Amino acid sequence: MDIAEDLKIADEKLTYELQKIAKDKIDYWDIRIGVKTGTNLDFTDQKSKEISSYEIIECGIRTFVNGGWGFNVLKNPNRNTIINGFLKAVKLAKLSESLCKNKFKIRNRDPLIKNFKITCKKRLEDIGIDEKIQIVKRHEKIASEYSPKIKNTHTLYLDGHSQDLIFSSFGHHIIQDLSFLRLFSLIYAKEKGILQRSINSIGGIGGFEISETEGANNLTEKTAKEAVDLLNANSPVGGKFTVIMDPKLTGTFIHEAFGHACEADLVLNKESILEGKIGKKIAMDDIKIIDDPTMNQSKKFNLPYELFGSYFTDDEGTPSQKTIIIEDGILRNYLHSLETSSRMAVPSNGHGRANSCSSRPQVRMGFTYLVPKDWEYEEIIEDTKNGVLCEDFQYGYTDPTTGNFQFKCKLSYKIEHGEKRELMRDVSLSGLTLEVLNKISAIGKTMNYSDGICGKGGQSIRVCDGGPYIRTEDITVGGLN
Amino acid sequence: MDHNSDVYSLANYGLKLAERSNSDLKCAEIFFGKNNHINIEIEENSVKNSEVGDDYGTAIRVINKKGSLGFAFTNRVEKKSIEKMISIALKMMNAGTIDLDFKNLPNQYNKYPDVKNLYDNNLKNLEIDESLKYVEDLIQVCSQDELAISQSGNFLSNYTKTYIFNSNGLFITGKETSCSISSNIIVKDKVSNETSFGYDWQSMRTLSEINTKKIASNALEKAKRNLNRIKIKSMKVTLLLTPFGTINLILNPIASAINAETFQYKRSFLIGKREEVIGSNYLNIEDNALIDGATGSSSFDGEGVPCKNKKIFERGKFLKTGLLHNSYTAGKDNIESTGNASRNSYSSIPSIGNSNFILKPGNHSKDEILKDIKEGILLDYTGDSPNISTGDFSGLILHGNLIKNGEIKEPLNKTMFGINLLDLFKNINAVSKEFKIYGSFHAPFVKVKDVQIIGG
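Residues numbered from 1 in each chain as written. Chains lettered and ligands numbered in written order. Predicted model: local features only at pLDDT ≥ 70, side-chain atom pairs only at ≥ 80, totals over all residues. Heavy atoms only, no water.

1. Things to note about the overall build of chain B
Step number 1: In terms of regular secondary structure, chain B is built from 10 helices and 19 strands.
Step number 2: Here the C-alpha coordinates of chain B stretch approximately 75 × 55 × 35 Å along the principal axes.
Step number 3: Taken over 456 residues, chain B has a buried fraction of 64%.
Step number 4: Contacts in chain B between residues far apart in sequence, at least 24 positions, make up 73% of those at least 6 positions apart.
Step number 5: With an accessible surface of roughly 17,400 Å², chain B has 44% of that area assigned to carbon and sulfur atoms.
Step number 6: Where the 56 positive side-chain charges of chain B centre and where its 53 negative ones centre are 5 Å apart. (Helix = DSSP H or I, 4+ residues; strand = E, 2+ residues; numbered from the N terminus. Buried < 20%, exposed > 50% of the residue type's maximum accessible area, 1.4 Å probe, protein only. Contact = heavy atoms within 4.5 Å. Areas by Shrake-Rupley, 256 points an atom, 1.4 Å probe, with all protein chains shown as cover. Lys, Arg positive; Asp, Glu negative; His and termini not counted. Charge placed at Lys NZ, Arg CZ, Asp CG, Glu CD.)

What follows is the structure, encoded as structure tokens:
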């Protein structure tokens, strides 16, 4: 693996000097340096709005003593600035320590010295700007020609390549070499004064091959069809309904309404409905929920690239691993960083993630999903007398202290006597997370997933979530009527 | 970086290089942005992290005679990388499509408005040790309360300096400071064991304006007001929006809907409504960048265009002048830019954003308005936001209380409501004289009649 020049400064000599400074002063430190390049292409109505490219280097020095953290973001990392920045970061940790009331130590880990690199079928560096633009132009053309009802099209292409180094007082020296590609389609359709829109995206860890998969090729036509279909959709009538969620919405529910409550930093801050619930029955027997951000899962979904939420190690150097969150309805594990695992006296399960080297790691999800069971999709529909089938979502959020969630669905269909009927738009679903996990009356057989960006504490990171079709009872459906 | 001459010579070198390298170039722009920050975070009502950071980067924007735009940015600010970025930006430009709507980057301006107090020397020179007292105040408010069980929050200070140069001879530089404080407090009822959260924040230009204890007390009060929630039946009621609610349902959606880009792409629910009366007499809105010391103020925008005060709504009428433009959207409409190009850092091309976005206060006090409400709902917070292309809103009330005979009563559980914004604007029948400032939004209490509530 070719290592970027800027990362080579982290040699044994520098580590030795930093250890010397840290000795007797602080308990733990880590330094991350990242070098990244990338391209953004933004087209609307078949015209380029933005064609851009960047080259960024970032460095964050993190220090810890007895419950207090220090963090120093450097703009120009070299040997000298790192040593000076480190001295400052040591002071910052001591300052935090002088005022923090939760004293603890970071549990030691064995050193990991390793370079990781994903294999791309088509490396981004080898693809010219014109070839990337051709992809975007093709999608814009598909969108514009789909129907005269299409009034505004928008295609966004983002790619990037990064090399991130972490070295730490554990003796870690880890480099991850990754590249990603994302494609977005946003389409507005209008008819008889009604304006509707649809958004879809696809993303993965890998090279240019991501833009050439079936999912990517169909992205725009799917979006255009949805926008046009929504023109003839009705607004829902509010009330309590049986709701069938598609795999995307199931994933959103598992991530937004449940997953965040498993993040151990929120548990410690008393912002979780799952505080004190480890080992307790919180869901029906059939419920099994997992977070697995390891690599090599794409074959399950027949994809030639790594899933968007996957990583080799988290941003504290802990290898990614499969974590069982709920099994047989019993809460087994929270998701942990070095800090939360140290405080709860368990090993970290590799969820200390940051959006870049200039941000501090937080506890974050990777690929969170509900494990499928035995219902066929058709069986679920046929078995439902009166309900709503909800597909995909626009957005969702949850009150962390109560578990009261709200999701705005993208496409929803009335189900009457076991048959799928008319399309409805802007259906919102609301309920309490733990109530829903105990009222699921069918869990499908086939698993699917979606990828996206999750925001927390001002940081955005890449994630995946998923599951099968599920059916839940007594969900409040809201609408304009 | 504080040696201005280095920036000037780099910028001039870069602009000349761009012109020399591509005969098809129409105009070019170089932007430099420098930022220093201090951030102290609290979790579990205790100091958790002390952070400082520096950032400095440059962005090159080039446009050719056919209107095709190329953009490149880096945080390696030295001659060699600027040369590389210019060559990349030109390559990007050559690859783009024809855009006849692009007219030009802004020309040189002789005069900029004098907006005072956007910069506080005390804040620029603030040391992290001195910042600690602000979070200590937050911690104290929470630890002295019997029901409060946890708090997260932070103190953040920023110093920003920007330089904008373009090939039309425009050059402008400015510096500004800001600081903010946030508090999210969790409370637990001793009898019912029910928990709830309350959130408040403040962002100011100068340190002396920060009132930490007040912010934590507000968060605490909001959290307590939301304990022991009840379910209600579906009904049509009067809604009293708090300043938070006013931002969520009126100011923020309007600011997005009058973005000229959203308008030109026909994605706004206000299309076709210009010069029409679409709201009640109480709907008076302006976007004013010229208020001394305000967070949303500036003397020039992200492209170097002088900022101004624009009237958006007057007595319910959506004014012809009520759109926010940058130089691109203004050129497309053949008018002058309104000075609303927004640029948070060197890492993005200028978009469009509001300045101080103000709903004009009314004549009655909040208490007088409240007293008039026989049966209603006080709405502080919903996680939902309206659909800007249709104006439809339906959402969950996360923080809301019943109002009975002019008094604020129990908080609501699992209650949703829905309305189209055009109906909401028409149904506004009172605006309070008190208002609160959250960042660039200036928001009073607003009373809205006939809103459909869906009970839990």
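2. Here's the deal with the sheet that holds strand β21 (residues 448-456) of chain A
Residue and element names in this part refer to chain A.
Step number 1: Strand order in this open sheet of six strands is β12-β11-β9-β15-β22-β21, and the pairing throughout is mixed. Each of the sheet's edge strands pairs with one partner strand only, and the pair in question is β12 (330-331) and β21.
Step number 2: Bridge analysis of strand β11 (residues 323-327) against β12 gives two bridges, and the strand direction is antiparallel. Bridging from a neighbouring strand, I326 pairs with L331 of β12.
Step number 3: Strands in contact with helix α5 (residues 247-258) are β9 (289-291), β11, β12, β15 (367-370), β21 and β22 (459-467); relative to β22, the strand with the most contacts, it is inclined by about 130°. (Pairing = 2+ DSSP bridges. Axes fitted to C-alpha atoms, helices over the stretch in contact; angles between N-to-C directions.)

3. Digging into the domain arrangement of chain B
All names here are of chain B.
Step number 1: Each assigned domain of chain B is listed with its residue range as follows: domain 1 (4-223) and domain 2 (229-456).
Step number 2: Here domain 1 and domain 2 have C-alpha centroids that lie 24 Å from each other.
Step number 3: In this assembly, 49 residues from domain 1 lie in contact with 39 residues from domain 2.
Step number 4: At the junction of domain 1 with domain 2, the criterion picks out five salt bridges.
Step number 5: Between K332 and D101 there is a salt bridge, with its nearest N and O atoms 3.9 Å apart.
Step number 6: Where domain 1 touches domain 2, the interface holds 17 residue pairs in polar contact (both at pLDDT 80 or more).
Step number 7: For the side of domain 1 that touches domain 2, the elements supplying multiple residues, two or more each, are β1 (25-43), β2 (46-64), β3 (69-74), β4 (148-166), β5 (171-188), β6 (195-204) and α5 (212-225).
Step number 8: The greatest single-element share of the side of domain 1 that touches domain 2, amounting to nine residues, is contributed by β6.
Step number 9: Each residue belonging to the side of domain 1 that touches domain 2 can be placed in one class, and the counts come to 21 nonpolar, 15 polar and 13 charged. (Domains from an automatic or database assignment. Salt bridge = Lys/Arg side-chain N within 4 Å of Asp/Glu carboxyl O. Polar contact = N/O pair within 3.5 Å; in protein donor to acceptor, adjacent residues only side chain to side chain. Nonpolar A, V, L, I, M, F, W, Y, C, P; charged D, E, K, R; others polar.)

4. A closer look at the packing of aromatic side chains
Step number 1: Under the defined criterion, the tally for this structure stands at 36 aromatic pairs over all chains.
Step number 2: Between F64 of chain A and W69 of chain A the ring centres are 4.6 Å apart and the planes differ by 55°, which places this aromatic pair in the tilted class.
Step number 3: Using a relative accessible area of 0% as the deciding quantity, one classes F64 of chain A as buried.
Step number 4: With 5.0 Å between their ring centres and 10° between their planes, Y134 of chain B and F155 of chain B make a pair best called stacked. (Phe/Tyr/Trp six-rings, centres within 6.5 Å; stacked < 30°, edge-to-face > 60°.)

5. Regarding the domain arrangement of chain A
Residue and element names in this part refer to chain A.
Step number 1: Considered domain by domain, chain A is made up of domain 1 (5-231) and domain 2 (239-478).
Step number 2: Contacts between domain 1 and domain 2 engage 50 residues on the former and 42 residues on the latter.
Step number 3: For domain 1, the biggest contributors to the area lost against domain 2 are R32, R107 and I205; these three give 17% of the whole.
Step number 4: Our count for the contact surface shared by domain 1 and domain 2 stands at two salt bridges.
Step number 5: With its nearest N and O atoms 2.8 Å apart, the salt bridge here joins E226 to K410.
Step number 6: If you look at where domain 1 meets domain 2, you find 17 residue pairs in polar contact (both at pLDDT 80 or more).
Step number 7: Listing elements by their share of the side of domain 1 that touches domain 2, those giving two or more residues are β1 (28-44), β2 (47-65), β3 (68-74), β4 (113-117), β5 (150-168), β6 (173-191), β7 (194-205) and α4 (214-231).
Step number 8: It is β7 that provides the largest number of residues to the side of domain 1 that touches domain 2, a total of 10 residues. (Buried area = accessible area lost by both parts, 1.4 Å probe.)

6. So, the packing of helix α1 (residues 12-22) of chain A against helix α2 (residues 79-99) of chain A
All names here are of chain A.
Step number 1: The geometry of α1 relative to α2 is characterised by a closest axis approach of 11 Å and an angle of 20° between their N-to-C directions. When the interaxial angle is binned, α1 and α2 end up roughly parallel. Every pair of crossing elements has a handedness; the one defined by α1 and α2 is right-handed. The residues of α2 that touch α1, namely those facing K13, L14, E17, L18, I21 and A22, are R79, I82, I83, F86, L87 and V90. (Parallel < 35°, antiparallel > 145°, perpendicular 65-115°, else oblique. Left-handed = near helix turned anticlockwise from the far one by under 90°.)

7. Regarding the packing of helix α4 (residues 128-143) of chain B against α5 of chain B
Residue and element names in this part refer to chain B.
Step number 1: As a packed pair, α4 and α5 sit with axes 8 Å apart at the nearest point and diverge in direction by 35°. As for the relative orientation of α4 and α5, their crossing is right-handed in sense. Of α5, the residues touching α4 (which contributes Y134, D137, L138, Q140 and V141) are T212, K213, A216, S217 and L220.
Step number 2: Considered class by class, the residues forming the contact of α4 with α5 number five nonpolar, three polar and two charged.

8. Some remarks on the environment of N355 of chain A
Residues and elements named next belong to chain A.
Step number 1: Position of N355 among the secondary structure elements: in the loop between β13 (352-353) and β14 (362-363).
Step number 2: With 167 residues separating them in the primary sequence, N355 and Y188 have C-alpha atoms 31 Å apart.
Step number 3: Polar side-chain contacts of N355 include one of 2.8 Å to the side chain of S359.

9. Structural notes on α1 of chain A
Residue and element names in this part refer to chain A.
Step number 1: Within α1, the full set of buried residues consists of L14, T15, L18, I21 and A22. Down the axis of α1, the buried side of the element spans an arc of 120°, and every buried residue falls inside it. Opposite the buried face of α1, by more than 90 degrees, sit the exposed residues E12, K13, Y16 and K20.
Step number 2: D24 sits one or two residues past α1 and shows a positive phi near 65°. (Arc of directions from axis to C-beta.)

10. Thoughts on the interface of chain B and chain A
Step number 1: Between chain B and chain A, the contact holds 78 residues from the first and 71 residues from the second.
Step number 2: Where chain B abuts chain A, roughly 6,400 Å² becomes buried across the two surfaces, and 51% of that area is made up of carbon and sulfur atoms.
Step number 3: The interface formed by chain B and chain A includes 10 salt bridges.
Step number 4: A salt bridge links K49 of chain A to E261 of chain B; the nearest nitrogen and oxygen atoms lie 3.0 Å apart.
Step number 5: Inspection of the region where chain B meets chain A yields 38 residue pairs in polar contact (both at pLDDT 80 or more).
Step number 6: No other element matches β2 of chain B, which puts 11 residues into the side of chain B that touches chain A.
Step number 7: Among the residues forming the side of chain B that touches chain A, the class breakdown is 27 nonpolar, 29 polar and 22 charged.
Step number 8: Sheet topology note: the β3 of chain A/β2 of chain B ladder contains five bridges and is parallel. Across the sheet, residue V73 of chain A finds its bridge partner in β2 of chain B, namely G53 of chain B.

11. Here we look at α2 of chain A
Step number 1: Helix length check: α2 of chain A, at 21 residues, gives a terminal C-alpha distance of 31 Å against a target of 30 Å (1.5 Å per residue), a fit within 8%.
Step number 2: Those residues of α2 of chain A that are buried lie in contact with α1, β1, β2 and β3 of chain A together with β2 and α4 of chain B.
Step number 3: Regarding α2 of chain A, its N-cap is N78 of chain A, as a side-chain oxygen of that residue lies 3.0 Å from the backbone nitrogen of N80 of chain A further along. (Expected span 1.5 Å × (residues − 1).)

12. Re the pattern of salt bridges
Step number 1: For the structure shown, the criterion picks out 62 salt bridges over all chains.
Step number 2: The closest approach of N and O atoms between E435 of chain A and K439 of chain A, which form a salt bridge, is 3.9 Å.
Step number 3: The exposure class of E435 of chain A is partly exposed, given its relative accessible area of 34%.
Step number 4: K190 of chain B serves as the salt-bridge partner of E146 of chain B, at 3.9 Å between the closest nitrogen and oxygen.

13. Examining the side chain of D384 of chain B
Step number 1: For D384 of chain B, the position within the fold is in the loop between β14 (375-382) and β15 (392-404).
Step number 2: Salt bridges are absent for the buried D384 of chain B, whose nearest opposite-charge side chain, K408 of chain A, sits at 4.2 Å.
Step number 3: Of the polar contacts made by the side chain of D384 of chain B, one reaches the side chain of Y395 of chain A; its length is 2.5 Å.
Step number 4: Here L396 of chain B takes part through its backbone nitrogen, which lies 3.0 Å from a polar atom of the side chain of D384 of chain B.
Step number 5: The residues contacting D384 of chain B, other than those within four sequence positions of it, are Y395, Y397, Q406 and K408 of chain A together with N248, F393, S394, G395 and L396 of chain B.

14. Focus on the side chain of N200 of chain A
Residue and element names in this part refer to chain A.
Step number 1: Of note, N200 is situated in strand β7.
Step number 2: The class for N200 is buried, based on a relative accessible area of 3%.
Step number 3: At 3.1 Å, the side chain of N200 forms a polar contact with the side chain of T223.
Step number 4: With near-sequence residues (within four places) excluded, N200 lies in contact with L183, F184, S185, L219, K222, T223, E226, K248, D392 and K410.

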